[in-house]
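# Fold and contact review
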Amino acid sequence: MALTVTSAENGTLEGMASEDTTPNSARREITVRRAPKFVPFMILGAVVGAIVAAIIAYGRQADPAFDAGTVFGFFLIVCAGGGVILFSILALILDRLSVKRTQRAVVEPVPDSVPDEGPENDDVR
């Protein structure tokens, strides 16, 4: 799951929180929530679909009219596509549930202890 941060200033929610451009604001209130990454859910759905297709194709009694590889290929397309759709819906549901569990936090900028520029600081880290 990824960490999604949105900024709440003056009672309105903005997009992703980025570096503060106003020099006067030392403290900011943000909203923090954990959101699922969709691509891993879709990949997992395709893998589960492929496993189901293998069970269907190779777990049944052999039919002389159809080769097991052909049956596996057909069910692979159907089951993998269905798995991607089902796991995408699951990711959407988990995303909606994560909106309800948002937390508010106050952040303050912390100055760097080591300056970033200059050749004398190249080997310091």
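Residues numbered from 1 in each chain as written. Predicted model: local features only at pLDDT ≥ 70, side-chain atom pairs only at ≥ 80, totals over all residues. Heavy atoms only, no water.

### Comments concerning the overall build of the protein chain
Scanning the protein chain from terminus to terminus reveals 2 helices and 4 strands. Written out in order from the N terminus, the α and β elements of the protein chain read β-β-β-α-α-β. Looking at the protein chain residue by residue over its 125 residues, the buried ones come to 19%. In the protein chain, of all internal contacts separated by at least 6 residues, the share reaching a separation of at least 24 is 65%. For the protein chain, the exposed area adds up to about 9,500 Å²; of that, 63% sits on carbon and sulfur atoms. (Helix = DSSP H or I, 4+ residues; strand = E, 2+ residues; numbered from the N terminus. Buried < 20%, exposed > 50% of the residue type's maximum accessible area, 1.4 Å probe, protein only. Contact = heavy atoms within 4.5 Å. Areas by Shrake-Rupley, 256 points an atom, 1.4 Å probe, with all protein chains shown as cover.)

### Observations regarding the environment of Ala105
Within the secondary structure layout, Ala105 lies in strand β4 (residues 103–107). For the pair Ala105 and Thr31, spaced 74 residues apart in the sequence, the C-alpha separation amounts to 6.3 Å.

### Side note on the confidence of the model for the protein chain
With 71% of its residues at a pLDDT of at least 70, the protein chain reaches an overall mean of 79. Summarising per-element confidence for the protein chain, the mean pLDDT is lowest in strand β2 (residues 12–16) (45) and highest in helix α1 (residues 38–58) (94). Ignoring residues within four places in sequence, the model shows residues 1–20, a span with pLDDT below 50, making 43 contacts including any to other chains. (pLDDT = per-residue confidence, 0-100.)

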